[in-house]
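Reading the structure
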Amino acid sequence: MTVNTLNAKNLAAPAANVSAYLKSRARWSPFEIAFWVFAFATIWLFPGKHLILKDTAILALFALSLDLILGYAGIISLGQAAFFGLAGYFAGLVAKYGIVNEPVVALVLSGVVAAALGFATSFLVLRGSDLTRLMVTLGVSLMLGEVANRYSNITGGADGLQGVDIEPLFGRFRFDLYGHNGYVYCLSVLFVCFVIVRRIVYSPFGLSLRAVKGNPLRAAAIGIPVKWRLVAIYTVSAGIAGIAGALLTQTTAFCSLDVFSLERSADLLLVLIIGGTGYLYGGLIGAVIYKFLQDWIANLTPQYWQFWIGLVLVVLVLIGRDRMRNWIGTVRGAVAGVGVRLLPRSITLGGAAPDGP
Amino acid sequence: MPILETIRLEKRFGGITANHDVNLVVEKGARHALIGPNGAGKTTLINMLTGVLKPTAGRIMLEGRDITDVVPHERVRLGMARTFQINQLFLDLTPLESIGLVVSERLGLGADWWRVVGTRSSVTDEIVEVVERFRLTDVMHERTARLPYGKQRLLEIALAFTCRPRVLLLDEPAAGVPEAERHELLATIEALPAEVTVLLIEHDMDLVFSFADRISVLVNGSLFVDGAPEEVARDPRVKAVYLGEELDA
């Protein structure tokens, strides 16, 4: 049957079908709702763990920023710390000198500053292979780290930025030593950023990114301006990384040179290798596992905890995510019999294995 | 005015000349075939037409406009789309998502980062049309990587078609398609709308002579003969150089 013979009536049913299918991709699944309900429930469930939970939320947001470019656009980076660090110092400085006192406004501004840096450096990562991108992104963050070290009269250098006084949130909630308000703040920011990123990913723009990642040659051949799409997503990703960095400064009232460190960027890749890329929850789940694993092992063997983290990493990569996903699939199949959807579709369909080194 | 024209087009890779002095004229609405032995420079030529390669010398005109320096994705907007000899598909996406992507890009919604895909009826209606036309309805929810080769070949053409080109370049569309799935592919190509000009690059002489109303023969990087199918088939030089070996086989 050709198009010409199809009348409007015949077309209506499949069109509704197609529309419903496309929309269903973006629907919040029960797993996602449960995830966030539990995340917010931890505020009351684990009041003694708020400090580590707060760090976890910041790491998760940071990892989300990397997942956005790695999992959706195929850009691998070892330099997300550049944006994290720049915004971290920016948030610290505006608070220290009383330029912007309201934390939320300062947070948004920090994100904008980091995004501006992202935009400016995005042109460097457009070309080249994964290795080139790793080196260029790493180089940018190393340079920024040294700039911060050099201008120690502004940044405090190796001693870190001292005397940062963060005003209470909305003029009411002061960041306390136990991280109670800090955790609620970080988790809320994480959630808001997540919702925005989720919108982006399921939009036509997000779909075009997956096409660019899958086949840049064809993407250009169907009229997608590949370059500008990559610039755009890299800029957004930098902004989110910046917000994560600003959160750290605001909730600790301190910022030191290690915000730019290679380890910070490398940890991020670890988090995504643990959690997986390309389905949005990889960074979040990975951050939770990474932080609590680190905490637990450090309690067992304070000196040699990195040995065990390394072992877990090797095992994880050797077993492979596909195999684990199959196990999950088996469990899910069993559970589905009871009529419960344990995991979202995207984990089995869209969750590409990480392209990590 | 020809819809697509090249003027003394030339491409050299170091010391090797892939195309030399190519003056190709494609008339509006034509079913134009470009044939030639292996290594004649057909794919290089199509890569220059679509902007993947930059010509060493010469101009490319699309509807009278010089597009020699226009980047590939802009040429799509100006009305020229292509398929690839080796499938270039989005393996992680379904045919439905792939086609939906092309539709939304063409309508200029590709930079829309807030609306959920599939909420516009103009987009979904067109997706259904294309899916039906290219016989992909039964596999539209499958991941592209899992489709049979013949279906992937259809999707390859569907993506280019969905760009609504005025000139469609088909680079060996039947290559590698198994006999059982061939008929479906050829019927779909036959059914392309008449207003779309088609430039077909093909090795398969049955397909070329059943489809084309004009044939250009490319040999050693240059246009050798150019004319109606009967003339080309009769031309002794073509027989000697190229057709002879193919047709007698």
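Just so it is clear, the model here is predicted, and its values are computed rather than measured.

Turning to the interface of chain B and chain A, a few remarks are in order. Listed per partner, the contact involves 44 residues of chain B and 37 residues of chain A. Here chain B packs against chain A, burying approximately 4,000 Å² in sum over the two surfaces, 68% of which is carbon and sulfur. Here B:E97 makes a salt bridge to A:R25, at a shortest N to O gap of 2.6 Å. For the pair chain B and chain A, the number of links is 7 residue pairs in polar contact (both at pLDDT 80 or more). Secondary-structure elements contributing two or more residues to the side of chain B that touches chain A are α2 (72-77), α3 (95-106), α4 (121-133) and α5 (149-162) of chain B. Considering every element that reaches the side of chain B that touches chain A, the biggest residue donor is α4(B), with 7 residues. A per-class count over the side of chain B that touches chain A returns 22 nonpolar, 9 polar and 13 charged.

Here we take up the confidence of the model for chain A. In the predicted model, chain A carries a mean pLDDT of 85, and the fraction of residues at 70 or more is 87%. Note that residues 1-10 of chain A has pLDDT below 50 and, in this model, 6 contacts with residues that lie over four places away or in other chains.

Residue and element names in this part refer to chain B. The element strand β8 (residues 167-171) is extensively covered by neighbouring structure, given that 5 of its 5 residues are classed as buried. Side chains V167, L169 and D171 of β8 all project onto a buried face; the interleaved residues L168 and L170 project onto the opposite face, where all are buried too. Two elements, strand β7 (residues 80-82) and β8, share 3 bridges in a ladder whose sense is parallel. Paired with A81 across the bridge in β8 is L168.

Glancing now at the pairing of strand β1 (residues 4-13) of chain B. Residue and element names in this part refer to chain B. Pairing between β1 and strand β3 (residues 25-26): 2 bridges, direction antiparallel. Directly across from E5, in β3, lies its bridge partner V25. Two strands pair when backbone bridges link them, and β1 and strand β5 (residues 57-62) are joined in this way by 5 bridges, in the antiparallel orientation. Residue pairing across strands places T6 opposite I60, the latter belonging to β5. Summarising the sheet, β1 and strand β2 (residues 16-22) pair through 4 bridges and their orientation is antiparallel. Bridging from a neighbouring strand, F13 pairs with I16 of β2.

Moving on, we get to empty space enclosed by the protein. Residues and elements named next belong to chain A. Across all of its chains, the model carries 4 cavities of 30 Å³ or more by this definition. Reported here for the second largest cavity is a volume of approximately 50 Å³. Around the second largest cavity, the lining residues are A91, V94, A95, V100, N101, E102, P103, A106, D165, I166, E167 and Q250. Those elements giving two or more residues to the lining of the second largest cavity turn out to be α4 (80-96) and α5 (103-125).

Turning next to a nonpolar patch on the surface. Taken together, the side chains of A:Y304, A:F307, A:W308, A:L311 and A:V315 define a hydrophobic patch exposed on the protein surface, amounting to about 530 Å² of accessible area. Judged by its relative accessible area of 55%, A:F307 falls in the exposed class.

Calculation criteria
- Residues numbered from 1 in each chain as written.
- Chains lettered and ligands numbered in written order.
- Predicted model: local features only at pLDDT ≥ 70, side-chain atom pairs only at ≥ 80, totals over all residues.
- Heavy atoms only, no water.
- Contact = heavy atoms within 4.5 Å.
- Buried area = accessible area lost by both parts, 1.4 Å probe.
- Salt bridge = Lys/Arg side-chain N within 4 Å of Asp/Glu carboxyl O.
- Polar contact = N/O pair within 3.5 Å; in protein donor to acceptor, adjacent residues only side chain to side chain.
- Helix = DSSP H or I, 4+ residues; strand = E, 2+ residues; numbered from the N terminus.
- Nonpolar A, V, L, I, M, F, W, Y, C, P; charged D, E, K, R; others polar.
- pLDDT = per-residue confidence, 0-100.
- Buried < 20%, exposed > 50% of the residue type's maximum accessible area, 1.4 Å probe, protein only.
- Pairing = 2+ DSSP bridges.
- 1 Å grid on protein atoms, 1.4 Å probe; cavity = no way out; pocket = protein on both sides within 12 Å on 5 of 7 lines; lining within 4 Å.
- Points joined across faces, edges and corners; volume = space filled by probe spheres on them.
- Patch = residues over 30% accessible without salt bridge, like charges linked within 9 Å, V, L, I, M, F, W, Y side chains within 5 Å.
- Areas by Shrake-Rupley, 256 points an atom, 1.4 Å probe, with all protein chains shown as cover.

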